[in-house]
Amino acid sequence: QVQLVESGGGLVQPGGSLRLSCAASVMFFSIYDMAWYRQAPGKERELVTVITGNASTNYADSVKGRFTVSRDNAKKTVYLHMNSLKPDDTAVYYCNARSRFISGLNYWGQGTQVTVSS
(Lines give C-alpha, C1' and ligand atoms only; values in the text may rest on other atoms or scores of the structure.)
Protein backbone atom coordinates (compact mmCIF):
# COMPACT_ATOMS: atom_id res chain seq x y z
CA GLN A 1 0.00 0.00 0.00
CA VAL A 2 1.36 3.39 -1.07
CA GLN A 3 0.21 6.84 0.01
CA LEU A 4 1.18 9.90 -2.03
CA VAL A 5 0.74 13.51 -0.88
CA GLU A 6 1.33 16.40 -3.28
CA SER A 7 2.12 19.93 -2.17
CA GLY A 8 3.48 23.20 -3.53
CA GLY A 9 0.70 24.29 -5.84
CA GLY A 10 -0.56 27.84 -5.97
CA LEU A 11 -1.01 30.96 -8.05
CA VAL A 12 1.90 32.23 -10.12
CA GLN A 13 2.21 34.80 -12.90
CA PRO A 14 3.22 33.84 -16.44
CA GLY A 15 6.97 33.35 -16.67
CA GLY A 16 7.20 32.47 -13.01
CA SER A 17 8.38 29.33 -11.29
CA LEU A 18 6.95 26.82 -8.86
CA ARG A 19 8.13 23.60 -7.24
CA LEU A 20 5.78 20.74 -6.53
CA SER A 21 6.58 17.94 -4.10
CA CYS A 22 5.18 14.45 -3.75
CA ALA A 23 5.93 12.60 -0.54
CA ALA A 24 5.53 8.83 -0.64
CA SER A 25 4.74 6.66 2.35
CA VAL A 26 6.50 3.47 1.31
CA MET A 27 9.19 1.15 2.58
CA PHE A 28 11.19 0.88 -0.67
CA PHE A 29 10.76 4.03 -2.73
CA SER A 30 13.25 3.09 -5.45
CA ILE A 31 11.15 0.17 -6.73
CA TYR A 32 8.57 2.65 -8.06
CA ASP A 33 8.73 4.65 -11.23
CA MET A 34 7.20 8.05 -10.48
CA ALA A 35 5.22 10.32 -12.74
CA TRP A 36 3.46 13.66 -12.77
CA TYR A 37 0.15 14.06 -14.58
CA ARG A 38 -2.03 17.11 -14.93
CA GLN A 39 -5.67 17.73 -15.75
CA ALA A 40 -7.25 21.02 -16.73
CA PRO A 41 -11.02 21.60 -16.60
CA GLY A 42 -12.72 19.96 -19.56
CA LYS A 43 -9.57 18.15 -20.65
CA GLU A 44 -8.25 14.62 -20.29
CA ARG A 45 -5.55 13.82 -17.80
CA GLU A 46 -2.15 14.33 -19.43
CA LEU A 47 1.17 12.70 -18.65
CA VAL A 48 3.72 15.43 -17.92
CA THR A 49 6.88 13.58 -16.96
CA VAL A 50 8.25 10.25 -15.72
CA ILE A 51 11.26 9.55 -13.55
CA THR A 52 12.26 5.92 -13.10
CA GLY A 53 13.70 4.24 -10.05
CA ASN A 54 17.21 4.82 -11.40
CA ALA A 55 16.42 8.48 -12.19
CA SER A 56 16.10 8.40 -15.96
CA THR A 57 13.51 10.91 -17.18
CA ASN A 58 11.08 11.66 -19.98
CA TYR A 59 9.01 14.79 -20.60
CA ALA A 60 5.99 15.73 -22.62
CA ASP A 61 6.87 18.00 -25.52
CA SER A 62 4.73 20.76 -24.02
CA VAL A 63 6.97 21.06 -20.95
CA LYS A 64 10.36 19.98 -22.28
CA GLY A 65 13.03 22.54 -21.45
CA ARG A 66 10.84 24.23 -18.84
CA PHE A 67 10.08 21.51 -16.27
CA THR A 68 12.55 19.34 -14.39
CA VAL A 69 11.63 16.23 -12.43
CA SER A 70 13.88 14.81 -9.73
CA ARG A 71 13.68 12.35 -6.88
CA ASP A 72 15.31 11.96 -3.51
CA ASN A 73 15.14 8.30 -2.58
CA ALA A 74 16.38 8.94 0.95
CA LYS A 75 13.53 11.39 1.54
CA LYS A 76 11.09 9.27 -0.52
CA THR A 77 10.04 12.38 -2.39
CA VAL A 78 9.70 13.35 -6.04
CA TYR A 79 9.83 16.99 -7.17
CA LEU A 80 8.63 18.89 -10.20
CA HIS A 81 10.47 22.16 -10.80
CA MET A 82 8.41 24.29 -13.16
CA ASN A 83 9.95 27.31 -14.87
CA SER A 84 8.71 29.76 -17.49
CA LEU A 85 5.15 28.90 -16.61
CA LYS A 86 2.38 29.58 -19.10
CA PRO A 87 -1.38 29.96 -18.64
CA ASP A 88 -1.78 26.61 -20.45
CA ASP A 89 0.07 24.97 -17.56
CA THR A 90 -2.91 25.70 -15.33
CA ALA A 91 -4.23 22.37 -14.06
CA VAL A 92 -4.48 20.04 -11.12
CA TYR A 93 -1.18 18.19 -10.91
CA TYR A 94 -1.18 14.58 -9.71
CA CYS A 95 1.63 12.40 -8.48
CA ASN A 96 1.63 8.77 -9.64
CA ALA A 97 3.63 5.75 -8.51
CA ARG A 98 3.92 2.56 -10.55
CA SER A 99 5.60 -0.62 -9.43
CA ARG A 100 8.60 -1.59 -11.54
CA PHE A 101 7.83 -5.28 -10.93
CA ILE A 102 4.04 -5.67 -10.87
CA SER A 103 2.30 -4.60 -14.05
CA GLY A 104 -0.71 -2.37 -13.45
CA LEU A 105 -0.01 -1.73 -9.76
CA ASN A 106 -0.56 2.00 -9.64
CA TYR A 107 -1.14 4.68 -6.97
CA TRP A 108 -2.34 8.29 -7.15
CA GLY A 109 -2.07 11.33 -4.95
CA GLN A 110 -4.96 13.71 -4.32
CA GLY A 111 -3.62 16.46 -6.59
CA THR A 112 -2.48 20.04 -6.13
CA GLN A 113 -3.80 23.06 -8.04
CA VAL A 114 -1.46 25.16 -10.16
CA THR A 115 -2.87 28.37 -11.60
CA VAL A 116 -0.82 30.54 -13.96
CA SER A 117 -2.41 33.93 -14.43
CA SER A 118 -1.54 37.61 -14.42
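Details of the structure are given in the entry above.
To start, this report covers the structure provided alongside it. (Residues numbered from 1 in each chain as written. Predicted model: local features only at pLDDT ≥ 70, side-chain atom pairs only at ≥ 80, totals over all residues. Heavy atoms only, no water.)

Quick notes on unusual backbone geometry
Reasoning step 1: The phi dihedral of alanine 55 falls on the positive side, at around 75°, and the residue is not glycine.
Reasoning step 2: Its relative accessible area of 46% is what places alanine 55 among the partly exposed residues. (Buried < 20%, exposed > 50% of the residue type's maximum accessible area, 1.4 Å probe, protein only.)

Concerning the state of the cysteines
Reasoning step 1: Per the stated rule, a full pass over the model turns up one disulfide.
Reasoning step 2: With a sulfur-sulfur separation of 2.0 Å, cysteine 22 is cross-linked through a disulfide to cysteine 95. On the sign convention where negative is left-handed, the bridge of cysteine 22 and cysteine 95, at about -85° about the S-S bond, is left-handed. Of this pair, cysteine 22 sits in strand S3 (residues 18-25) while cysteine 95 sits in strand S9 (residues 91-99), and the two are 73 residues apart along the sequence. For the pair cysteine 22 and cysteine 95, one class covers both residues: buried. (Disulfide = S-S within 2.5 Å. Helix = DSSP H or I, 4+ residues; strand = E, 2+ residues; numbered from the N terminus.)

Side note on the pairing of strand S5 (residues 46-51)
One face of the sheet, then the other: side chains in a regular strand alternate in exactly this way.
Reasoning step 1: Judged from the five bridges that link them, strand S4 (residues 32-39) and S5 form a sheet pairing that is antiparallel. In the sheet register, arginine 38 faces S5, and the bridge partner there is glutamate 46.
Reasoning step 2: Hairpin connection of S4 to S5: six residues between the antiparallel strands, including glycine 42 at a positive phi of 80°.
Reasoning step 3: The loop that links S5 with its antiparallel partner strand S6 (residues 57-59) comprises five residues; one of these, alanine 55, has a positive phi angle of about 75°. (Pairing = 2+ DSSP bridges.)

Digging into the pairing of S3
Reasoning step 1: As paired strands, strand S1 (residues 3-7) and S3 are joined by five bridges and run antiparallel to one another. Bridge pairing in S3 places valine 5 opposite alanine 23.
Reasoning step 2: Note that S3 and strand S8 (residues 77-82) share six bridges and pair antiparallel. Within S8, the position partnered with leucine 18 by the bridge is methionine 82.

Considering the pattern of salt bridges
Reasoning step 1: Applying the stated criterion across every chain yields a total of four salt bridges.
Reasoning step 2: The closest approach of N and O atoms between aspartate 61 and lysine 64, which form a salt bridge, is 3.3 Å.
Reasoning step 3: What makes aspartate 61 exposed here is its relative accessible area of 66%.
Reasoning step 4: Through salt bridges with shared partners, a single network forms among Arg38, Glu46, Arg66 and Asp89. (Salt bridge = Lys/Arg side-chain N within 4 Å of Asp/Glu carboxyl O.)

Points about the environment of serine 62
Reasoning step 1: When you line up the elements, serine 62 lands in the loop between S6 and strand S7 (67-72).
Reasoning step 2: Its relative accessible area of 34% is what places serine 62 among the partly exposed residues.
Reasoning step 3: Along the backbone, serine 62 and methionine 82 are 20 residues apart, and their C-alpha atoms lie at a distance of 12 Å.
Reasoning step 4: Excluding anything up to four places from it in sequence, serine 62 contacts Arg38 and Glu46.
Reasoning step 5: Within the local environment of serine 62, its side chain forms a polar contact with the side chain of glutamate 46, the two groups lying 3.5 Å apart. (Contact = heavy atoms within 4.5 Å. Polar contact = N/O pair within 3.5 Å; in protein donor to acceptor, adjacent residues only side chain to side chain.)

Purely geometric stuff here, so don't read any function into it on its own.
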